[in-house]
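Structure at a glance
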Amino acid sequence: MKLLPSFFQDTSTVELARALLGKVFVYETSLGIISGVINETEAYNEEDEASHTFGGNRTPRNEVMFWEGGHLYVYFTYGMYHCMNVVSESADYGSAVLIRSVIPVEGMEIMTKYRYGDTPIPVFPLTGERGKRGSKKNLCNGPGKLCIALGITKEQNGANLCTKDSKIYLEERGYHFSEIVTTSRIGISKGQEKMWRFYAKEEDLKREEKWV
DNA sequence: TACGCGATCGTG
DNA sequence: ACGATCGCGTAT
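Residues numbered from 1 in each chain as written. Chains lettered and ligands numbered in written order. Predicted model: local features only at pLDDT ≥ 70, side-chain atom pairs only at ≥ 80, totals over all residues. Heavy atoms only, no water.

**Structural notes on the packing of helix α3 (residues 108-116) against helix α4 (residues 143-150)**
We count it as follows: To get an axis, fit a line to the C-alpha atoms, keeping to the stretch in contact for a helix; angles then go from 0 to 180 degrees between the N-to-C directions. Each helix corresponds to a stretch of at least 4 residues labelled H or I by DSSP, and each strand to a stretch of at least 2 residues labelled E; elements are numbered beginning at the N terminus. Should an angle fall under 35 degrees it is called roughly parallel, over 145 degrees roughly antiparallel, and 65 to 115 degrees roughly perpendicular, with every other angle called oblique. Note on convention: near helix rotated counterclockwise from far helix by under a right angle means a left-handed crossing. Clockwise means right-handed. Residue contacts follow a heavy-atom distance rule, with two residues in contact if any of their heavy atoms lie within 4.5 Å.
For the pair α3 and α4, the least separation of the axes is 7 Å and the interaxial angle reads 115°. One finds that α3 runs roughly perpendicular with respect to α4. Where α3 crosses over α4, the two elements pack in a sense that is right-handed. Residue-level contacts link M111, Y114 and R115 of α3 to K145, I148, A149 and L150 of α4.

Structure follows, in structure tokens:
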């Protein structure tokens, strides 16, 4: 069952960032289902100097951050990488949660192809040249890496995660982390005082026997 | 129209 | 510690 709009809209962005840990990100692609447990996030909102939307700054690039919670915001950075965010709160308030890492669940073979260039769909930059074959741990542990592994580009920017026929969505599957760490965010200069990064260690991952 | 920088990553 | 590489925002 897909997470509903209320899940994304009825809490603050910082609370949502925490609540997203343990949820499963799912992408139904033409090659098969790709999914992973979210284990690292960061919150960004209009009151935050590090946010694209600081002070209500609304541009073509960050437009999706102002849509209602439950959309996907994808942007391009460092001239090489995409980063993916889950839009939060209500329409016309610019806020989102950056997904920094997931633990692969389904479709690791597809992720490996996307990361290392064995795919017949050669869409992603630099996938063939770099690095060593991904272990489960190394495949999606970073905001740029996970977009390559999951096949997320600007084409998916603005996708609605909550419609009946959406191919990209989030689910509750009973995954649970025993310990959540709260820290300052990575790669920002302003807003370092905000403790808006949340992560869990992979070895803490547990799965309940039953789930809703 | 021009320029400087960045919510990164893998290698050294 | 550093270079790759380009879209976007800000300034001209």
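Okay, back to it.
**Here's the deal with the protein's contact with DNA strand C**
Applicable threshold: Here a residue is near a molecule or strand as soon as one of its heavy atoms is found within 4 Å of it. The term polar contact refers here to a pair of N or O atoms within 3.5 Å; inside protein, the definition further demands a hydrogen-donor-capable atom paired with an acceptor-capable atom, and it admits residues adjacent in sequence only when both atoms are side-chain atoms.
Near DNA strand C the following residues occur: T59, R61, F76, Y78, G79, M80 and K154. Here the atoms of DNA strand C within 4 Å of the protein split so that 78% fall in sugar or phosphate, with bases taking the remainder. At a separation of 2.8 Å, a phosphate oxygen of DNA strand C approaches a polar side-chain atom of K154.

**Topic: the pairing of strand β3 (residues 72-77)**
To be explicit about the condition: Only protein chains enter the calculation, and the probe is 1.4 Å; a residue is then buried if its accessible area is under 20% of its type maximum, exposed if over 50%, and partly exposed in between. Two strands qualify as a pair provided that DSSP identifies no fewer than 2 bridges between them.
Judged by how many residues are buried, β3 sits mostly within the fold: five of six residues are covered. Sheet analysis places β3 next to strand β4 (residues 81-87), joined by six bridges and oriented antiparallel. What sits directly across from V74, in β4, is M84. Counting the residues that bridge the hairpin from β3 to β4 gives three residues, and of these Y78 lies at a positive phi of roughly 55°.

**Regarding α4**
Taken across its eight residues, α4 has seven buried, putting it largely inside the fold. Among the residues of α4, those classed as buried are P143, G144, L146, C147, I148, A149 and L150. Where α4 is buried, its residues meet β1 (24-29), β2 (32-44), β4, β5 (96-106) and α3. Downstream of α4 by a residue or two, G151 has a phi angle that is positive, lying close to 75°.

**What about the side chain of S51?**
Of note, S51 is situated in the loop between β2 and β3. Judged by its relative accessible area of 7%, S51 is buried. For S51, the side chain forms a polar contact with the side chain of T53, separated by 2.8 Å. If sequence neighbours within four positions are ignored, S51 has contacts with Y44, N45 and M65.

Functional significance is not addressed by these values, which are geometric in nature.
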